[in-house]
Amino acid sequence: MESNSESPLIQVEGLEKVYRLGSVDVPALRGVDISIRQGEMVAIMGPSGSGKSTLMNILGCLDRPTSGRYLLGGADVGAMNDNELAEIRRGRVGFVFQTFNLLTRMTAQENVELPLLYSGRDRRSERALEALERVGLGERARHRPTELSGGEQQRVAIARALVNQPSLILADEPTGNLDSKVGQEIMSIFGELNQNEGITVILVTHDADISAAARRVIGLRDGLVVRDEMQDGAER
Ligand SMILES: Nc1ncnc2c1ncn2[C@@H]1O[C@H](COP(=O)(O)OP(=O)(O)OP(=O)(O)O)[C@@H](O)[C@H]1O
Ligand SMILES: [Mg+2]
């Protein structure tokens, strides 16, 4: 799913998602068009219920659109079967969530090793340690989540997202449970991964200070893109 300058990494056209609740249809996305190039860092903003998480889940191949097209690295995601989607999720996409989603009975290192286990990679403990070192947590490898601060737990989650060398990281309100100082530290990690390693980063946030770290902001409202602009003075 590498893409050259002509073909974007992510291209969605007329994307719609309707959740069916009993006999009621809930339209969450109502025709979204977005194109994102490899190496971009994008913040998605918008009020609660505007469809941000729905969009992220589709971009990360966790869910399928009701209609519309999604091309990832030029490949038509809509035409893929469940195995192909799972393979993309495992190998190409890293997820980071608001609530960290670490397994509490495992150490930091074991949490980071999990995706390697699922994708059948070797040298698991070595790779997991390397990933923890990349987020500055090499010394905490044997700690369990309850023995780590919120910011440290989120860094473990970022290491877990990184360990399979994804070209795309999707983070849904990654700083939502952190105070603003720690939130900025997490953002600088995403910024470094984006700048130094060319990883495409797409993150959802409610916070304008957090979105300032991204060069581009996409605004959603009622399931539609209402804003898509480059910001001046973004820290790169
Ligand atoms: N599994 C689901 N079943 C039915 N409706 C859903 C489901 N998930 C989301 N929705 C609805 O779809 C719309 C968009 O939800 P979504 O979670 O994408 O919003 P969001 O922008 O992420 O909001 P928030 O900022 O609160 O996280 C909302 O109206 C929501 O109620
Ligand atoms: Mg959400």
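Computed from a prediction, not measured in an experiment: that's the story for all the values here.

I keep staring at the site of ligand 1 and nothing clicks. Help me out?
Among the 14 residues in the neighbourhood of ligand 1, the closest are listed as S48, G49, K52, S53 and T54. A distance of 2.7 Å separates an oxygen atom of ligand 1 from a polar side-chain atom of K52. In this structure, an oxygen atom belonging to ligand 1 sits 2.9 Å away from a side-chain N or O atom of S53. Looking at the shell around ligand 1, the elements that each hand over two or more residues are β1 (10-21), β2 (24-36) and α1 (52-59). Counting residues per element, the shell around ligand 1 draws most heavily on α1, at 3 residues.

Any chance you could explain unusual backbone geometry here in plain terms?
Trans is the prevailing form of peptide bonds, just as negative phi is the prevailing case for residues other than glycine. Phi angles above zero are rare outside glycine, and C61 is one such case at about 60°. Located in the positive-phi region is N101, a residue other than glycine, with phi close to 55°. Here N101 lies in the loop between β6 (93-97) and α3 (108-118). Residue class for N101 comes out partly exposed when judged on its relative accessible area of 36%.

Please clarify how the pattern of salt bridges should be interpreted in this entry.
A side chain of one charge can pair with a side chain of the opposite charge when the charged atoms of the two come close. All chains considered together, the criterion is met by 12 salt bridges. A salt bridge links R123 to E126, with the shortest nitrogen-to-oxygen separation between them at 2.6 Å. E152 serves as the salt-bridge partner of R140, at 3.4 Å between the closest nitrogen and oxygen. On the criterion of sequence distance, the pair formed by R140 in the loop between α4 (124-134) and α5 (150-162) and E152 in helix α5 is long-range, its members being 12 residues apart.

What should I look at first to understand the packing of aromatic side chains in this one?
Two aromatic rings, taken as a pair, are described by how far apart their centres are and by the angle between their planes. Inspection of the entire model under this criterion finds 1 aromatic pair. Consider the rings of F95 and F97, whose centres lie 6.1 Å apart with planes at 10°: the pair is stacked. Look at F97 and you get partly exposed, because its relative accessible area is 28%.

Mind showing me how you'd approach the sheet that holds strand β4 (residues 67-72) here?
Strands pair in a sheet through their backbones, by hydrogen bonds, and they do so in one of two ways: parallel or antiparallel. Spatially, 4 strands are ordered β2-β1-β4-β5 in an open sheet, and the strand pairing comes out antiparallel. Of all strands in the sheet, those bounded by a partner on one side alone are β2 and β5 (75-76). Sheet topology places β1 next to β4; 5 bridges connect them, and they run antiparallel. Along β4, the bridge assignment pairs E16 with S67. Sitting on the sheet, α1 is in contact with β1, β2 and β4, with an inclination near 120° to β1.

The rules we used
- Residues numbered from 1 in each chain as written.
- Chains lettered and ligands numbered in written order.
- Predicted model: local features only at pLDDT ≥ 70, side-chain atom pairs only at ≥ 80, totals over all residues.
- Heavy atoms only, no water.
- Near = heavy atom within 4 Å.
- Polar contact = N/O pair within 3.5 Å; in protein donor to acceptor, adjacent residues only side chain to side chain.
- Helix = DSSP H or I, 4+ residues; strand = E, 2+ residues; numbered from the N terminus.
- Buried < 20%, exposed > 50% of the residue type's maximum accessible area, 1.4 Å probe, protein only.
- Salt bridge = Lys/Arg side-chain N within 4 Å of Asp/Glu carboxyl O.
- Phe/Tyr/Trp six-rings, centres within 6.5 Å; stacked < 30°, edge-to-face > 60°.
- Pairing = 2+ DSSP bridges.
- Contact = heavy atoms within 4.5 Å.
- Axes fitted to C-alpha atoms, helices over the stretch in contact; angles between N-to-C directions.

Remember that the coordinates give geometry; whether it matters functionally is a separate question.
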